[in-house]
Structures are given as structure tokens and as C-alpha cells.
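Chain by chain, the residues:
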Amino acid sequence: LKFIFGPSAVPALDLVDQRSVTRVTSPSGRTAYQVLGSSGKLYTCYSSCHFCTCPAFGFTVLQKSESLLCKHILAVYLSQAMGACQELSVSEEQLTSILLAEEEDEG
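Model, not experiment: these values are computed from the prediction. (Residues numbered from 1 in each chain as written. Predicted model: local features only at pLDDT ≥ 70, side-chain atom pairs only at ≥ 80, totals over all residues. Heavy atoms only, no water.)

**Remarks on the overall build of the protein**
Point 1. Helix and strand content of the protein: 5 helices and 5 strands.
Point 2. Starting at the N terminus and walking to the C terminus, you meet the elements of the protein as α-α-β-β-β-β-α-α-β-α.
Point 3. Scaling as 2.2 N^0.38, a compact globule of 107 residues should have a C-alpha radius of gyration of about 13 Å, and the protein matches this with 13 Å.
Point 4. On the principal axes, the C-alpha backbone points of the protein span a range of 40 × 35 × 25 Å.
Point 5. Burial status across the protein gives 37% buried among its 107 residues. (Helix = DSSP H or I, 4+ residues; strand = E, 2+ residues; numbered from the N terminus. Rg over C-alpha atoms; globule rule 2.2 N^0.38 Å. Buried < 20%, exposed > 50% of the residue type's maximum accessible area, 1.4 Å probe, protein only.)

Take a look at the structure:
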């Protein structure tokens, strides 16, 4: 993993070991992932479009194109593959609030 994903591999595995990945689903089937980062901040990841709200994703992946993903997205993919995601069912309104809260943090 480290050969393919570089420096994100070990921190991502740590996040998986700590069970920091939560799959959030709504009754309509919409899904997002929340990852509790090592700093204690909660980041929202979308595996369907390969996006994370963390600063490292914005800088390293989007701006500099130095990496394919951040440790949070890799942790989501690993958790999915290993069946290690926490599960949280929320209402449509709650999921909307989660998604809008991330936008407000960025803006």
C-alpha cells in the first residue's frame, strides 16, 4: 500500500484501526462518509466522486496534483474493503445539515 499510496498509507491504516470512518446513510440511499481525523476534526468524504473536505486534499490533490488522495479518502476505501465502517442512519434533513455545515466551514 505504501508503494502505491505513498505517505498517506500508514496514517490511513491508523484511522481504520481506530475505527474513525463512519458511513452516513439517509432513507433515500444517499451516502457520505465522515472521518474523524488525527487532529480531532471531522471531515466529510464522498467516495462516489473522490472528494474530501480536509485542507490536505484541497492543497496536495487539487492544487498541486502531488497525490491522488488524502489519508481520509484512503481510510474510507480501506474501511469499505475491510467492512470496518461504523454505520449511522440519519434523516434526509440531518444529512442535508451535515453537508451544508461543511460548505459553511469552507465559505
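Structure's up, so let's keep going.
**Examining the UniProt feature "domain: SWIM-type" (unreviewed entry) in the protein**
Point 1. Under the UniProt annotation, "domain: SWIM-type" (unreviewed entry) lies at residues 43-81.
Point 2. The span residues 43-81 is 51% helix and 15% strand, and its two end C-alpha atoms sit 20 Å from each other. (UniProt positions renumbered as here; feature names shortened; annotations may be inferred.)

**Observations regarding the environment of Ala 12**
Point 1. Structurally, the position occupied by Ala 12 is in helix H2 (residues 9-17).
Point 2. With 59 residues separating them along the chain, Ala 12 and Lys 71 place their C-alpha atoms 4.7 Å apart.
Point 3. Excluding its chain neighbours within four sequence positions, the residues that come into contact with Ala 12 are Lys 71, Leu 74, Ala 75 and Leu 78. (Contact = heavy atoms within 4.5 Å.)

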